[in-house]
Amino acid sequence: MRQPRGLYLLASVEMWERFSFYGMRAFLVLFLTSKVGGFGWSKADAGLLYGWYTGLVYLTPLLGGYLADRVLGTHRAILIGSFIIAAGHFCLAFPGKTMFFLGLALIVLGTGFHKSNISTMVGQLYKQGDARRDSAFTIFHMGINVGAMLGPWVCGGLAQSPRYGWHWGFASAGVFMVIGTINYIALKRRWLGDIGDRPASREKQGEGLAGEQRLTREEIDRVMAIVLLGIFNIAFWCAYEQTGSSLNFFAAERTDLHMLGFDVPASAFQSVNPFVILTCAPLFAWMWPRLAARGKEPRTATKFVFGLLLVSAGFVVMLLAAKLSEGGNKVSPVWLFATYTLHTWGELCLYPVGLSMVTKLAPPKYASLMMGMWFGSFFIADLLAGVLSGQVEKVERGELFQIFGGQADFFFIFVLVPAFAALVLMGLRGKITQLMHGRA
């Protein structure tokens, strides 16, 4: 179904922001553990920093969402965030730990202003009940993944190149963030008009301003539905976010990186997920409204169940790959391709659907704040993912528990947790659907 052209502007802006984020993330732990130009840290320390960094970029949207709702509006918040993110990447381009940590801090702060508010602005393009909304967020998610696919190749390729090095990779992320910001400034008025200019609390609602209205019982129920699904969101992303840490190390250490006559950098595997998104997301964007027209579209909670089961299945594949790679064997990259494909299908059932759900259920005066709270569940998930990834060597040596032996035991954790969460959610689907009062 035809979408407003403002959707494509927002998708392109998010594409360049995600290019910079995923481009740098693809080689972050490799830089931290490298003794050549990097910091030479242990995997445990690198995993812990990775977890805090990727987690905090999902916590600061609480602050950015609150300020957007009360003071700035989503448009100004996006601009502020974009400039701060670019400054952070350019700080990383300079050697030294002071500039490194300053750069990470700026990216974390800037993402807080940018991330929740651009997602909220997508929701602001549609009236309540518009059947195009889930598909719109799938298209928006495609924009994210164009950037996520290109970033690791460009930034990671420069970072791991003997000719350029780590800091060229950091700098390139900043350059493309600036490109995205210029694109947004140039086209905002023409394609989005005044959407996002005023804070949500200052919009008219009924007889007064939205910020002056008390929450109704139904609105409180819908907030509770968001909170409950946020818990299951944590279970999904705690497993999924092994992509940049333990699965990244698996690619570097246990995977045959010589393909089609070329030596491929380990960071390049970070592009598999966005490639699958781009090839499969159009099918999902087409499928949801068609099923809705026939009255057969799964409820939001059911889509979450599918996502959890698919990410669990991906780690079944990794469990087998880990067993084959014991004893110094290098396994085919097909194992990682299969895992990332299953994870990506799960992501398509969960990530854009979750964003769409929040814009449907959130009380208008708290639209950006609720999106920030939703991203807060990613903070918990990413922090847990980083902490767990730092334990991979202990689990591998059998110091914590032993079932299959070696690294297969580590991946078994992420087979069990999402599968258990899926079973629990299946039992709660009816209650959560009632709390949504027919909106999702």
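As shown above, the structure is provided for reference.
Everything numeric here is computed off the predicted structure, so don't read it as measured data.

A look at the overall build of the chain
The helix and strand tally for the chain stands at 14 helices and 4 strands. Its C-alpha radius of gyration of 21 Å places the chain within 12% of the 22 Å reference for a compact globule of 440 residues. Taken over the C-alpha atoms alone, the chain extends approximately 70 × 50 × 35 Å along its principal axes. Counting across all 440 residues of the chain, residues that qualify as buried make up 60%. In the chain, once contacts between residues fewer than 6 apart in sequence are set aside, the share between residues at least 24 apart is 81%. For the chain, the computed accessible surface area is about 17,400 Å², with 66% contributed by carbon and sulfur atoms. Between the mean site of the 38 positive side-chain charges and the mean site of the 26 negative ones, the chain shows a separation of 6 Å.

Focus on the nonpolar core
A general feature of soluble globular proteins is that nonpolar side chains tend to end up buried together. Within the largest apolar cluster, 126 residues are counted, with the highest numbers of intra-cluster contacts made by Phe100 and Phe140. Not counting chain neighbours up to four residues away, the residues in contact with phenylalanine 140 comprise Leu7, Leu10, Ala11, Glu14, Ile118, Ser119, Val122 and Leu355.

Some details on the packing of helix α1 (residues 5-33) against helix α2 (residues 43-59)
It is at 8 Å that the axes of α1 and α2 come closest, and there the two elements cross at 160°. One finds that α1 runs roughly antiparallel with respect to α2. Crossing of α1 against α2: the hand is right-handed. Taking contact as the criterion, the partners of Arg18, Phe21, Tyr22, Met24, Arg25, Leu28, Val29, Leu32 and Thr33 in α1 are, on α2, Lys43, Ala46, Leu49, Tyr50, Tyr53, Thr54, Val57 and Tyr58. A class-by-class count of the residues in the contact of α1 with α2 yields 12 nonpolar, 2 polar and 3 charged.

Remarks on the packing of aromatic side chains
Applying the stated criterion across every chain yields a total of 35 aromatic pairs. Consider the rings of phenylalanine 236 and tryptophan 237, whose centres lie 4.9 Å apart with planes at 75°: the pair is edge-to-face. For the pair phenylalanine 236 and tryptophan 237, a shared accessibility class is recorded, and that class is buried. Measuring from centroid to centroid gives 5.2 Å for phenylalanine 315 and phenylalanine 414, while their planes differ by 40°, and the two rings are tilted. Highlighted residues: phenylalanine 315 in helix α10 (residues 300-325) and phenylalanine 414 in helix α14 (residues 407-436), separated in sequence by 99 residues. Given the relative accessible area of 1%, phenylalanine 414 is considered buried. Feature note: the residues Phe27, Phe31, Phe39, Trp41, Phe100, Phe101, Trp166 and Phe170 constitute an aromatic cluster, connected by ring pairs. Over the ring of phenylalanine 39 we find lysine 97, and its NZ or CZ is 5.3 Å from the ring centre.

Observations concerning the environment of alanine 77
On the secondary structure map, alanine 77 appears in helix α3 (residues 61-92). Overall, the relative accessible area of 0% leaves alanine 77 in the buried class. Among residues more than four places away in sequence, those in contact with alanine 77 are Ala68, Leu72, Phe113, His114 and Asn117.

Description of helix α8 (residues 246-254)
Of all the 9 residues making up α8, 7 are buried; the element is thus mostly covered by neighbouring parts of the structure. Along α8, the residues classified as buried are Ser246, Leu247, Asn248, Phe249, Phe250, Ala251 and Arg254.

Examining the packing of helix α4 (residues 97-124) against helix α5 (residues 133-159)
Relative orientation of the contacting elements α4 and α5 amounts to 140°, with a least axis distance of 10 Å. Handedness of the crossing formed by α4 with α5: right-handed. Facing α4, whose interface residues are Ile118, Ser119, Val122 and Gly123, α5 presents Arg133, Phe137 and Phe140.

Quick notes on the environment of leucine 355
Within the secondary structure, leucine 355 is located in helix α11 (residues 334-361). Measuring from C-alpha to C-alpha, the distance between leucine 355 and serine 119 comes to 7.1 Å, with 236 residues separating the pair along the chain. Apart from the residues lying within four places of it in its own chain, the contact partners of leucine 355 are Ser119, Phe137, Phe140, Met371, Trp374 and Phe375.

Some words on the pattern of salt bridges
A complete count under the given rule lists 14 salt bridges for this structure. Between arginine 254 and glutamate 326 there is a salt bridge, and its shortest N-O distance comes to 3.3 Å. You can see arginine 254 sitting in helix α8 and its partner glutamate 326 sitting in the loop between α10 and α11, a full 72 residues away along the chain. Judged by relative accessible area, which is 10%, arginine 254 ranks as buried. One salt-bridge network, held together by shared partners, links Lys43, Glu253 and Glu393.

Parameters and conventions
Residues numbered from 1 in each chain as written. Predicted model: local features only at pLDDT ≥ 70, side-chain atom pairs only at ≥ 80, totals over all residues. Heavy atoms only, no water. Helix = DSSP H or I, 4+ residues; strand = E, 2+ residues; numbered from the N terminus. Rg over C-alpha atoms; globule rule 2.2 N^0.38 Å. Buried < 20%, exposed > 50% of the residue type's maximum accessible area, 1.4 Å probe, protein only. Contact = heavy atoms within 4.5 Å. Areas by Shrake-Rupley, 256 points an atom, 1.4 Å probe, with all protein chains shown as cover. Lys, Arg positive; Asp, Glu negative; His and termini not counted. Charge placed at Lys NZ, Arg CZ, Asp CG, Glu CD. Core = buried A, V, L, I, M, F, W, Y, C linked by side-chain atoms within 4.5 Å. Axes fitted to C-alpha atoms, helices over the stretch in contact; angles between N-to-C directions. Parallel < 35°, antiparallel > 145°, perpendicular 65-115°, else oblique. Left-handed = near helix turned anticlockwise from the far one by under 90°. Nonpolar A, V, L, I, M, F, W, Y, C, P; charged D, E, K, R; others polar. Phe/Tyr/Trp six-rings, centres within 6.5 Å; stacked < 30°, edge-to-face > 60°. Lys NZ or Arg CZ within 6 Å of the ring centre and 35° of its normal. Salt bridge = Lys/Arg side-chain N within 4 Å of Asp/Glu carboxyl O.

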